[in-house]
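# Summary of the model geometry
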Amino acid sequence: MGTVSGLALMAGATAMVAVSGGHHSIFAVLLLGLLALVMSHALVVEIQRQARRRSQIVWYRTDTVNTILLGCWALIAVATTTTPLLALPIRIVSALLAAGYTAACIYFVVERRRAVTSPAPRPTLAPAVEARDPLADSTPSV
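Just so you know, the residues in each chain are numbered from 1, in the order the chain's sequence is written. Confidence filtering applies because this is a predicted model: local features only for residues at pLDDT of at least 70, side-chain atom pairs given and counted only at 80 or more, and all residues used for totals across whole chains, interfaces and linings. By convention in this description, side-chain values take in all heavy atoms of the structure and omit both hydrogens and water.

A few words on the layout of surface pockets. Both site types are read off a 1 Å grid over the protein atoms alone. A 1.4 Å probe that fits but cannot get out defines a cavity, while an open set with protein on both sides within 12 Å along at least five of seven lines defines a pocket; lining residues have an atom within 4 Å of a point. Grid points are joined across faces, edges and corners, and a volume is the space filled by probe spheres set on the points. In this structure, the largest pocket encloses a volume near 350 Å³. Taken together, 18 residues make up the lining of the largest pocket; nearest its centre are Ala15, Ala36, Leu37, Ser40 and Leu97. Elements supplying a minimum of two residues to the lining of the largest pocket: helix 1 (2-19), helix 2 (26-51) and helix 4 (88-117). We call Asp, Glu, Lys and Arg charged. Ala, Val, Leu, Ile, Met, Phe, Trp, Tyr, Cys and Pro are nonpolar, and the rest, Gly among them, are polar. The class makeup of the residues in the lining of the largest pocket is 14 nonpolar, 4 polar and no charged. Quantified by volume, the second largest pocket comes out at close to 160 Å³. Lining the second largest pocket, in full, are Ala8, Leu9, Gly12, Ala13, Met16, Trp73, Ile76, Ala77, Thr80, Ser94, Leu97 and Tyr101. Labels follow the DSSP assignment, with helices taken as runs of H or I lasting at least four residues and strands as runs of E lasting at least two, numbered in each case from the N terminus.

Below you can see the structure in the form of structure tokens.
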């Protein structure tokens, strides 16, 4: 639960730092942008891991918390987008983050509902191994 929210915040904050004002070189902006993309990929992988877990076969409180937190981050990003006092690059990144957080929230809900409603895979039984007599293998044949 905390991993999804933490990765979402870190990816968004890194993207905001990349475009925010200050004395950034082009190298720093590109590096921070790449870091934000890598963290976004980690967020998607973590959402998949959380949504597809089989240890919990019904919708639990942690699923609700993940959904609410991703929705909150999307609403905060929308609010940042509509704030007229911020610079245009920050508002553009906020709009992208709002779309990304919304997509992540929808993706989590769809994947989790699919995992909950799909039949659980049945464990396969290992084939029976014939019992051998260890002494019969070690005696020399005549």
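When the sulfur atoms of two cysteines come within 2.5 Å, that pair is taken as a disulfide. Scanning the model with the defined rule gives 0 disulfides in all. Here Cys72 is not disulfide-linked; the sulfur of Cys105 is the nearest cysteine sulfur, at 9.3 Å.

Okay, the packing of helix 3 (residues 61-81) against helix 4 next. Angles here are taken between N-to-C directions and fall from 0 to 180 degrees, while the axes themselves are lines fitted to C-alpha atoms, restricted in helices to the stretch in contact. Where helix 3 meets helix 4, the closest approach of the two axes is 8 Å, and the angle between their N-to-C directions is 160°. Here helix 4 runs roughly antiparallel to helix 3, going by the angle between their axes. Remark: the crossing between helix 3 and helix 4 carries left-handed chirality. Touching Asp63, Asn66, Thr67, Leu70, Gly71, Trp73, Ala74, Ala77, Val78, Thr80 and Thr81 of helix 3 are Arg91, Ser94, Ala95, Leu97, Ala98, Tyr101, Thr102, Ala104, Cys105, Phe108, Val109 and Arg112, all from helix 4. In the contact of helix 3 with helix 4, the residues fall into 13 nonpolar, 7 polar and 3 charged. An angle below 35 degrees is treated as roughly parallel, one above 145 as roughly antiparallel, one from 65 to 115 as roughly perpendicular, and anything else as oblique. Each crossing gets its hand from how the near helix is turned against the far one by less than a right angle, where anticlockwise is left-handed and clockwise is right-handed. In what follows, residue pairs with any heavy atoms lying within 4.5 Å of each other are defined as contacts.

This paragraph deals with helix 3. For an α-helix, the turn length of 3.6 residues means that residues three or four places apart are oriented alike. Here helix 3 contains 21 residues, and its C-alpha end-to-end distance of 30 Å stays within 8% of the 30 Å for a straight helix at 1.5 Å per residue. Buried within helix 3 are the following residues: Asp63, Asn66, Thr67, Leu70, Trp73, Ala74, Ala77 and Thr80. Buried residues in helix 3, looked at end-on, bunch into an arc of 155°, giving them a common side. Facing away from the buried side of helix 3, by more than 90 degrees, are the exposed residues Arg61 and Leu75. Expected span of a helix, by definition, is 1.5 Å for each gap between consecutive residues, and there is one gap fewer than residues. For every residue, the accessible area obtained with a 1.4 Å probe (protein chains only) is divided by the maximum for its type, and the residue is called buried under 20%, exposed over 50%, and partly exposed between those limits. To be clear, the arc concerns the directions from the helix axis to the C-beta atoms.

Patches here: salt-bridge-free residues with over 30% relative accessible area, like charges joined within 9 Å, nonpolar side chains (Val, Leu, Ile, Met, Phe, Trp, Tyr) joined within 5 Å. All accessibility values rest on the Shrake-Rupley procedure with a 1.4 Å probe; residue burial counts only the protein chains present in the view. We define a salt bridge as a side-chain nitrogen of Lys or Arg found within 4 Å of a carboxyl oxygen belonging to Asp or Glu. A cluster of nonpolar side chains, contributed by Ile26, Phe27, Leu30, Leu31, Leu34, Leu37 and Val38, occupies part of the molecular surface with about 770 Å² of accessible area. With respect to the element layout, Phe27 can be found in helix 2.

Looking now at the environment of Met10. On the secondary structure map, Met10 appears in helix 1. For Met10, a relative accessible area of 48% translates into the label partly exposed. In sequence terms Met10 and Ser40 are 30 residues apart; their C-alpha atoms lie 8.9 Å from each other.

By nonpolar core is meant a set of buried Ala, Val, Leu, Ile, Met, Phe, Trp, Tyr and Cys residues that side-chain atoms within 4.5 Å join together. One finds Ala8, Leu43, Ile47, Leu70 and Tyr101 to be the most contacted residues of the largest nonpolar core, which totals 19 residues. At the level of elements, helix 1, helix 2, helix 3 and helix 4 are the ones that each hand at least two residues to this core. A total of 7 residues in this core trace back to one element, the largest contributor, which is helix 4.

So, on to the confidence of the model for the protein chain. Confidence of the predictor at the level of single residues is given by pLDDT, which spans 0 to 100. Here the protein chain averages 82 in pLDDT, while 81% of its residues score no lower than 70. Confidence scores differ between elements of the protein chain, with helix 5 (residues 134-138) showing the lowest mean pLDDT of 59 and helix 3 the highest of 92.

A separate point is the packing of helix 2 against helix 4. Packing of helix 2 against helix 4 leaves a shortest axis separation of 8 Å and a crossing angle of 25°. The orientation of helix 2 relative to helix 4 falls into the category roughly parallel. The way helix 2 lies across helix 4 gives a crossing that is right-handed. Of the residues in helix 4, those in contact with Val44, Ile47, Gln48, Gln50 and Ala51 of helix 2 are Ala104, Tyr107, Phe108, Glu111, Arg112 and Ala115. Residue classes in the contact of helix 2 with helix 4 are distributed as 7 nonpolar, 2 polar and 2 charged.

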